[in-house]
Every structure is written in C-alpha cells, then in structure tokens.
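Results of the structural survey
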Amino acid sequence: MAKLIGLTGNEAIAYAVKQCNVDVVAAYPITPQTIMVEVISEYVYNGEMNAEFICVESEHSAMSACVGASLAGARVFTATASQGLALMHEMLYIASGLRCPIVMGVANRALSAPINIHGDHSDMMGSRDCGWIQIYAENAQEAYDWTIQAFKIAEDPRVLLPVSVNIDGFILSHSMEGVRVLEDEEVAKFLPQRKPVISIDPDKPITVGALCLPDYYFEVKFQQVQALKETLNVIREVNREYEVLSGRKYSFIDAYAMDDAEAAIVCLGSTAGTAKAVAKSLREEGKRVGVIKPWVYRPFPEEELVKAVENVKALAVLDRACSFGAPFNALCSDVIAALYRYERKDVKIFNCVYGLGGRDITFNDLKLIFNDALETAETGIVREHVKYVGVRE
Amino acid sequence: MSEIKAGWKSLPLGGYLLEPGSALKYKTGEWRSFRPVIDQKRCVNCLLCWIYCPDSAIIRLEKYVDVNYEYCKGCGICANECPVKCITMVEEKR
C-alpha cells in the first residue's frame, strides 16, 4: 500500500536513492542540492542505507570517484548543481564514454557570473551534449518516480549510460509536497541488485580508458550514439513496468490538453505546472491551448513530440537558459530540428527565454505567451522569433 | 597497411581493452627520431637506465644492458641518467 508523505524535491530524490539500494555515493555540497546528499549521509550514518558515502574535495573528484565505483560494479549516485556541474564537466564525458550507469540528481541553478543561487537550466544545458540521459521533473513526485526508473534505465545492458534527474533549484528542491512512495520491497523487486556487464576485477585484468587514436575513437563514440537511440526502447519498457507497479504513467512527453490544441507551450520542469493551470483557465474561455513537457530531454523524443503537435498551428517554446549568440535557445532548437525532420514546416514557432537566475514566471506571464501563440496560430505570422520575458530596458 | 580494423559493433564497449598485455602488440619504436646507442665496453651494469626507462625497453644482459628498439621511443632518459655516459643519442636516418 502506497504511503503519502511530505517531501521536498531534494528529499524525494534522497528517499528514492535509499530505496534503490545504492552502494556508493560520492558528492560535494552545493546550493540548492546540498540537502539531497545531506539526507543521504544521514541515512548512511543511521544505518538505514548500506552504502559507502565518500566525502570528496570537489565535484570533479565526486564524479571521478563515481566513475571508479561504477566500473567496479557498484550502483552509484551523486548530486550537484550549477558551478558544481560545471566543475564536473570533464568527468561527465568520461562517465558516459566509459559507459558508467551513474544516476545524478541535479537541482538546476544559474551559472555565475554574476553569481546567483536560484533556479534556471543554464547548468544542465551547458552540459547538454555530454552523452548523458537527461530527465526533467515537474514536481517532487516525478523526481521520486524518475530517480527509481533512472537506475533501471541506466543499468540496462542495452544502455549503460549515466542519467541526470533534474529538478528546478529551490522551486522544487526546497518546496515540500505530498509524495506517494512505494514500499522498500516493491522497489527492491523492481530494481534488483546491479549486474554489471563488465567490471574491473584484479583476477581478470582489463584496461579502461586507454588511448584511442583517430583509427578507433570515432567507432567508440558511435557506440554511444547507438546506445542513446536504443535507450528510447528501454525507457518505454521501464515506464510500462513502473506504471504497473505504481499506477503512475510516464513517457517521453507529458502532453496536456493536446488533442485539439492549436497553440501550445513547450517547456521543461516546474514551469509546466503553472502552464497547465493557465491552459486550463484559457480552455474555460474556449481557447484551444495545451502544454507539452518533455520529461526526457536526452535522447530527444522527436517522434513523440511530432505526434503531440499533430493539430498544432503555433508553438511557444520556453527556455530557462541562454544559448548566447545562437539563432534559437537549446530546447527551441531541438523542437525546430525535430519538426523540420518530420516536414512540419507549417507549425509557426517562437522562442521565449524566461526565468533566468530564478526570476518567477507567473500565471499572467504565461497567459500572455499563450495569447501570443494563439495570435500566431490565427495569423500565421511570427512577430518576434526570440523574446526575453519580462526583461527590463 | 591493409589491416581491416574492427567496426563499432565488434569493438569492446567504451574502448575497453579486455585482454591484458595488449600494449606488447603496439611497436612504439617507429616513433623514434633519436636512438640510444650503448657503448657496452664502458657500461658498468648499474641498471639505472633499466629503472628509469618509461617503456621497459632496456634489456638486461649478464654484464651490460641493451636496448629493445621495437619499443624504445628514443626519449633519451637513459642517456641522461647514465652515470658513466656510455649512452649516446644518435639521429635516426630512415
């Protein structure tokens, strides 16, 4: 019988990690993620979790320790945010390149300078191409559910790639919500002990991380390309199995009121919650609007996105990070690329950068964006391709 | 070189090397632009070169040492460390 308990986003991920029977946690504290590993360290100290907790001197070392532990066959978790993720950058590529199924909680936070501790997606978007599976949660419940699924996806022999579970800094990391948690035994059954495909073993020596020159490097990288493609099938299977267990249905995309929508907002994370509330109220006025929230950002679920926008005439794609100098920002570029590939040139798209450094995006902000999208749907004209929501002159 | 190299499907995952000692197959001697030449009459068999050689390319014989030119990259550390200066670095003329 599922219990309903009050947990913040950070605590929800920590609770899931405890139930996932993780062997090694190596992490360094950084706002707004600190509580995630603080709670885990308490679990380890209290004996509620039988794991090795490695205190390291930096995030670079945290990820290095995780890579080593993962190669030794352990189930591994770490967490970080912002500057910490930036410091880990080098090791993120090594974790994915060496096919380590590490799971990492990220409480998304703006990058310095100027220094800022609040939520935006600059950190993870800065590491967008690091070869990790990237998941964005809308609330604490989703953070809990995806963390459990993340281990199963990562450790599948067809995948063997690390996963980041992203929650908006403070907005989710520090807000308490009711979370329905599974019983420990249920999680243990869903996620048995990790069975590594290859692991380092003194009795059977192998070399990991050997020099790979132009004659082989390309092929090893292509293995990752293929693994991420295969990940799509694995996620589908894991989502189905998790639905049977929990009764909660997950997929690549959370499509809200999209059946007959002619205009929609595409966004990641907690903003989708507000956008759904606005869409609901606009629907009461008879406006056909919807919300598309990619749960899975990497691998990018092109097919599912295209399916979701079947009847759509205009899309407002929201980015909580800046790709300086780019024609469009990260999420919008991906949406445009996916629609181009499926020859949906009829869909009019504009990009809204919002909420940098944790600035609130309000009900009214989103209402204005929906109205812009509806106008674009009606006229077929995009007045401004990239807008910066609420920035003062 | 007409050797057929493995593609992404047959290469071990993540570029792992699953057999130990595979570096033996890689003859790094081709990299050399200077070769160490040992005057074996002057060699005192102190084995400092054998200790310092980063490629284990010094061969121990009974009374003096020799160089394994299949692996020696010609770094010159042996010549630098030799206390009796009996190792000379000679330019390769290939």
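The structure displayed is predicted, hence computed values, not measured ones.

Overview of the interface of chain A and chain B
Contact residues are listed per partner, giving 17 residues for chain A and eleven residues for chain B. Broken down by element, the side of chain A that touches chain B gets its largest block of residues, four residues, from helix α8 (residues 217-246) of chain A. Residue composition of the side of chain A that touches chain B, grouped by class: eleven nonpolar, three polar and three charged.

Side note on the sheet that holds strand β3 (residues 52-55) of chain A
In any sheet, the strands associate via hydrogen bonds between backbone groups, in a parallel or an antiparallel arrangement. Residue and element names in this part refer to chain A. The strand order across the open sheet built from seven strands is β3-β2-β4-β5-β7-β6-β12, with neighbouring strands paired in mixed fashion. At either end of the open sheet lies a strand with only one pairing partner, and these are β3 and β12 (296-298). Ignoring strand direction, the axes of neighbouring strands in this sheet form an average angle of 20 degrees. Of the pairings in the sheet, the one linking strand β4 (residues 76-80) to strand β5 (residues 103-108) comprises four bridges and is parallel in character. Of the residues in β5, the one forming a bridge with Thr78 is Met104. Helix-sheet contacts for helix α3 (residues 59-71) involve β2 (24-27), β3 and β4, and the interaxial angle to β4 is about 165 degrees.

Here we look at the pairing of strand β10 (residues 263-266) of chain A
Residues and elements named next belong to chain A. Side chains Ala263 and Ile265 project from β10 onto one buried face, and the interleaved Ala264 and Val266 project onto a second face that is buried too. Of the strand pairs in this sheet, β10 and strand β11 (residues 289-294) are connected by four bridges, and their pairing is parallel. Note on β11: the bridge partner recorded for Ala264 is Gly290. As a crossover connection, the stretch from β10 through helix α9 (residues 271-284) into β11 is right-handed.

Criteria and cut-off values
Residues numbered from 1 in each chain as written. Chains lettered and ligands numbered in written order. Predicted model: local features only at pLDDT ≥ 70, side-chain atom pairs only at ≥ 80, totals over all residues. Contact = placed C-beta atoms within 7 Å. Helix = DSSP H or I, 4+ residues; strand = E, 2+ residues; numbered from the N terminus. Nonpolar A, V, L, I, M, F, W, Y, C, P; charged D, E, K, R; others polar. Pairing = 2+ DSSP bridges. Axes fitted to C-alpha atoms, helices over the stretch in contact; angles between N-to-C directions. Buried ≥ 20, exposed ≤ 12 C-beta atoms within 10 Å, placed from the backbone. Right-handed = clockwise from strand over helix to strand, strands pointing away.

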